[in-house]
Amino acid sequence: MAQATSGQSVYSTEQIITNVLRRGVWEGQVDKRLRTEGDAAAVVLTKIIAGRDVSRSEVDTMLDMLLSSFSEFGLIESAAEREPRTPLFLLRHFDCVVYDAVLKKKIADTRKSILEAFAKFKATEAGPTVQ
């Protein structure tokens, strides 16, 4: 008997991220999920790479994931996950283990982009200042 299926993913964020890192395939579903995760996505990344070396391509992909996770603060479902705490830890770690100059620049650019987006979100959330 055929059943109707939903367009919603039944995969966890951890499964989605693990698949991207293994296969190198980034589908629209990945970006859609990450944009709602915020700090939680960085926690999952930390869990996945804990205790092992990461390749240059994995770091590059994870930087893109971090950017995606903080691309639209209004979409992050949990207010507690909107503050980029774990990404800053991961970026510091990546900066210590990466020697490639191009990737180091991308790490710095990612940090700057996330912090600027967070500051802009906080300013918008606070509302206009009274003069």
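Peer 1: So what exactly am I meant to see when it comes to the environment of Glu27 here?
Peer 2: As for its placement among the helices and strands, Glu27 is situated in the loop between α1 (13-23) and α2 (28-34). Sequence spacing of Glu27 and Ile16 is 11 residues, and the spatial spacing of their C-alpha atoms is 9.7 Å.

Peer 1: Honestly, the packing of helix α3 (residues 39-49) against helix α5 (residues 85-97) in this entry has me stumped. Any pointers?
Peer 2: Each packed pair of helices is defined by two parameters, the angle between the axes and the distance between the axes. Across the interface, α3 lies against α5 with an axial gap of 7 Å and an inter-helix angle of 40°. The orientation of α3 relative to α5 falls into the category oblique. Remark: the crossing between α3 and α5 carries left-handed chirality. Two secondary-structure elements touch here, α3 through Asp39, Ala42, Val43, Leu45, Thr46 and Ile49 and α5 through Arg85, Thr86, Pro87, Phe89, Leu90 and Phe94. Split into classes, the residues belonging to the contact of α3 with α5 amount to eight nonpolar, two polar and two charged.

Peer 1: Please explain the pattern of salt bridges as it appears in this structure.
Peer 2: Two side chains of opposite charge can pair, provided their charged atoms sit close to one another. This structure, assessed with the given rule, holds 12 salt bridges. With a shortest N-O distance of 3.6 Å, Arg85 and Asp39 are connected by a salt bridge. Here Asp39 lies in helix α3 and Arg85 lies in helix α5, a separation of 46 residues in the sequence. Relative accessible area serves as the criterion here: at 42%, Arg85 is assigned to the partly exposed category. For Asp64, the salt bridge goes to Lys106, with nearest N and O atoms at 2.8 Å. Residue Asp64 is located in helix α4 (residues 56-69), and its partner Lys106 is located in helix α6 (residues 101-126); the two are separated by 42 residues in the primary sequence. For Asp64, a relative accessible area of 32% gives the class partly exposed. For Lys106, a relative accessible area of 22% gives the class partly exposed. Three or more residues are tied together by salt bridges with common partners; here these are Asp31, Arg35 and Glu72.

Peer 1: Mind showing me how you'd approach the side chain of Ser68 here?
Peer 2: Within the secondary structure, Ser68 is located in helix α4. Contacts of Ser68, omitting those with residues within four sequence positions, involve Trp26, Asp31, Leu34 and Arg35.

Peer 1: Can you walk me through the packing of aromatic side chains in this structure?
Peer 2: Per the counting criterion, the structure on display carries three aromatic pairs. Their ring planes at 45° and their centres at 5.6 Å tell us that Phe70 and Phe73 sit as a pair that is tilted. No difference in accessibility class separates Phe70 from Phe73, as the two residues are buried. Each ring, one from Phe73 and one from Phe118, has its centre 5.8 Å from the other, and the planes form 45°; the classification is tilted. Remark: Phe118 occurs in helix α6 and Phe73 occurs in the loop between α4 and α5; sequence separation between them is 45 residues. For the pair Phe73 and Phe118, one class covers both residues: buried.

The rules behind these values
Residues numbered from 1 in each chain as written. Predicted model: local features only at pLDDT ≥ 70, side-chain atom pairs only at ≥ 80, totals over all residues. Heavy atoms only, no water. Helix = DSSP H or I, 4+ residues; strand = E, 2+ residues; numbered from the N terminus. Axes fitted to C-alpha atoms, helices over the stretch in contact; angles between N-to-C directions. Parallel < 35°, antiparallel > 145°, perpendicular 65-115°, else oblique. Left-handed = near helix turned anticlockwise from the far one by under 90°. Contact = heavy atoms within 4.5 Å. Nonpolar A, V, L, I, M, F, W, Y, C, P; charged D, E, K, R; others polar. Salt bridge = Lys/Arg side-chain N within 4 Å of Asp/Glu carboxyl O. Buried < 20%, exposed > 50% of the residue type's maximum accessible area, 1.4 Å probe, protein only. Phe/Tyr/Trp six-rings, centres within 6.5 Å; stacked < 30°, edge-to-face > 60°.

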